[in-house]
Amino acid sequence: MKVKFSKIKLWIIVPYLFFVIVYLFSLMKYGMGNDNSRIRYYVFAIVVVLAYIPVFKKNILLKKNGIGKNLFFILIVAFVFFAVSVLKASEQGMFVPFRTYVQIALLFMPALYAFSIINILSLKDIIKLMEITLFLTIIVYFCDADHTPDKFFAIDNWKNLSFLNSFTESSLCAEVFLQLFFFFNFYKNLENKDNSRKLNFFCWLSFIFTILSFKRLAVLVACLMLLLNNIINLGGKISKKWIWIFAIIFTILTVFYFKFVNGELFSDIDVYKFTTGRDYILSLWKRYHYTSYGYGSSMLIIGRYLEMDLIQILLELNVGSLFIFCLAYFKVAQHNVYTMIVMTYIFLNMLTASSIPYSLGWIIALVSISSISSDKYVKEGYTFKMQPQRFKRLFSYKKD
């Protein structure tokens, strides 16, 4: 089925695809920390600006029925992070570093962009865009030197495959594949005869590449999601109090996980192996006598990410900033069963690893989460096809 795009939609679609290509290929060629890969930041900034031309033209920000306005809670987070960074810098007699602005931009730019996408494009358009994104990511996956087609299909490489070591692993593509799987896994359940088979194909394709990319938490959650499809009603609602409960849980969990990584809890566990060396990165803070002077300032001292996003927020800012961060993002998920599950994974990943620098994954995640939690598909005339559940009363679909 062909999809025709109006001129105003092309202001979103063409720059988006250009950004995806620049983002994937620049990181594949240069890596995350290389100066040449910073081009993705500049392109992203331009793309976001272009995306708001149709937003302002259609006065979407002033409309009461605008979709995904909960995304603007993330702007509050950005403001809080900046204010606390200013205070931290002034306490040290320093100016807020440029890195702080970059780190904060990595938070609010995907949110701003996701808002423009879900308000300008129809769900049919977004699905088509995600399909193209999947194909582009697969191309980049096979362009990577570690799993070019000749290596990927070499029998000897598959013989040496193990749970602890896989030549198919991809740090660049893993999060993109997983978030695309989350997207297709939900939208394949819409009552739409024309797209159901096609979306089911894209769901399984993204699932397969999530497994191949071999990030353990992503693999575990993807498999769990397939199981949950037939156990609970993923289109249902839960009480709004869970937004606060999850925010509190992850704030407390971050404090305890920091103590664990710092060697203050469970001394009988090998922290280095459990965290794959992230306790060593944290130890660099002590070695360099680091004192925070803004969000992201630690990178200027130790020369690298901490690779534990929530702990970084806790240590560079404070526990209050961390709680506001958690609350805002779970507010975006609202009280939809599916989006709360996806957001829970995202926070577990940020607790144990780093995902904030990977903008494309965040764009897809926020488009998916916000479009689902704001019932965009319902407003466009779709209904969610109920799957057979073994525990029907666990989460029931209800309107507030």
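Structural notes, computed from the coordinates. (Residues numbered from 1 in each chain as written. Predicted model: local features only at pLDDT ≥ 70, side-chain atom pairs only at ≥ 80, totals over all residues. Heavy atoms only, no water.)

It is worth spelling out the packing of aromatic side chains at this point. Inspection of the entire model under this criterion finds 48 aromatic pairs. When the ring of Trp204 is compared with that of Phe207, the centres are 5.6 Å apart and the planes differ by 85°; the resulting orientation is edge-to-face. Taken together, the positions of Trp204 and Phe207, both in helix 9 (residues 196-213) and three residues apart, correspond to about one turn of that helix. By relative accessible area, which is 11% here, Phe207 ends up buried. The side chain of Arg40 reaches across the aromatic face of Tyr41, ending 4.3 Å from its centre. (Phe/Tyr/Trp six-rings, centres within 6.5 Å; stacked < 30°, edge-to-face > 60°. Helix = DSSP H or I, 4+ residues; strand = E, 2+ residues; numbered from the N terminus. Buried < 20%, exposed > 50% of the residue type's maximum accessible area, 1.4 Å probe, protein only. Lys NZ or Arg CZ within 6 Å of the ring centre and 35° of its normal.)

One number sums up the size of the largest pocket: a volume of about 1,000 Å³. Around the largest pocket sit 30 residues that line it, and Lys215, Thr276, Arg278, Thr352 and Ala353 are the ones nearest its centre. If you list the elements that add at least two residues to the lining of the largest pocket, you get helix 8 (174-187), helix 10 (216-228), helix 11 (241-261), helix 12 (271-274) and helix 17 (337-352). Counted by class, the lining of the largest pocket contains 15 nonpolar, seven polar and eight charged residues. By volume, the second largest pocket is sized at about 520 Å³. Considering the residues around the second largest pocket, the lining is formed by 21 residues, among which Arg38, Tyr41, Phe98, Arg99 and Val102 are closest to the centre. For the lining of the second largest pocket, the secondary-structure elements that each account for two or more residues are helix 2 (39-57), helix 4 (98-120) and helix 14 (298-302). No other element matches helix 4, which puts seven residues into the lining of the second largest pocket. Residues of the lining of the second largest pocket, tallied by class, amount to 14 nonpolar, three polar and four charged. (1 Å grid on protein atoms, 1.4 Å probe; cavity = no way out; pocket = protein on both sides within 12 Å on 5 of 7 lines; lining within 4 Å. Points joined across faces, edges and corners; volume = space filled by probe spheres on them. Nonpolar A, V, L, I, M, F, W, Y, C, P; charged D, E, K, R; others polar.)

The tally for this structure, following the rule as stated, stands at 10 salt bridges. Among the ionic pairs, Arg38 bridges to Asp35, the shortest N-O distance being 3.3 Å. Judged by its relative accessible area of 52%, Asp35 falls in the exposed class. As a salt-bridge pair, Glu307 and Arg304 come within 2.6 Å of each other at their nearest N and O atoms. Taken together, the shared-partner salt bridges connect Lys128, Glu131 and Lys198 into one network. (Salt bridge = Lys/Arg side-chain N within 4 Å of Asp/Glu carboxyl O.)

Turning our eyes to something else, we now look at the packing of helix 5 (residues 123-143) against helix 8. Interhelical geometry of helix 5 versus helix 8 gives an angle of 145° and a closest axis separation of 10 Å. The handedness of the crossing between helix 5 and helix 8 is left-handed. For the pair helix 5 and helix 8, the contacting residues are Leu123, Ile126, Ile127, Met130, Glu131, Thr133, Leu134, Thr137, Ile138 and Tyr141 in the first and Val176, Phe177, Leu180, Phe183, Phe184 and Tyr187 in the second. Residue composition of the contact of helix 5 with helix 8, by class: 13 nonpolar, two polar and one charged. (Axes fitted to C-alpha atoms, helices over the stretch in contact; angles between N-to-C directions. Left-handed = near helix turned anticlockwise from the far one by under 90°. Contact = heavy atoms within 4.5 Å.)

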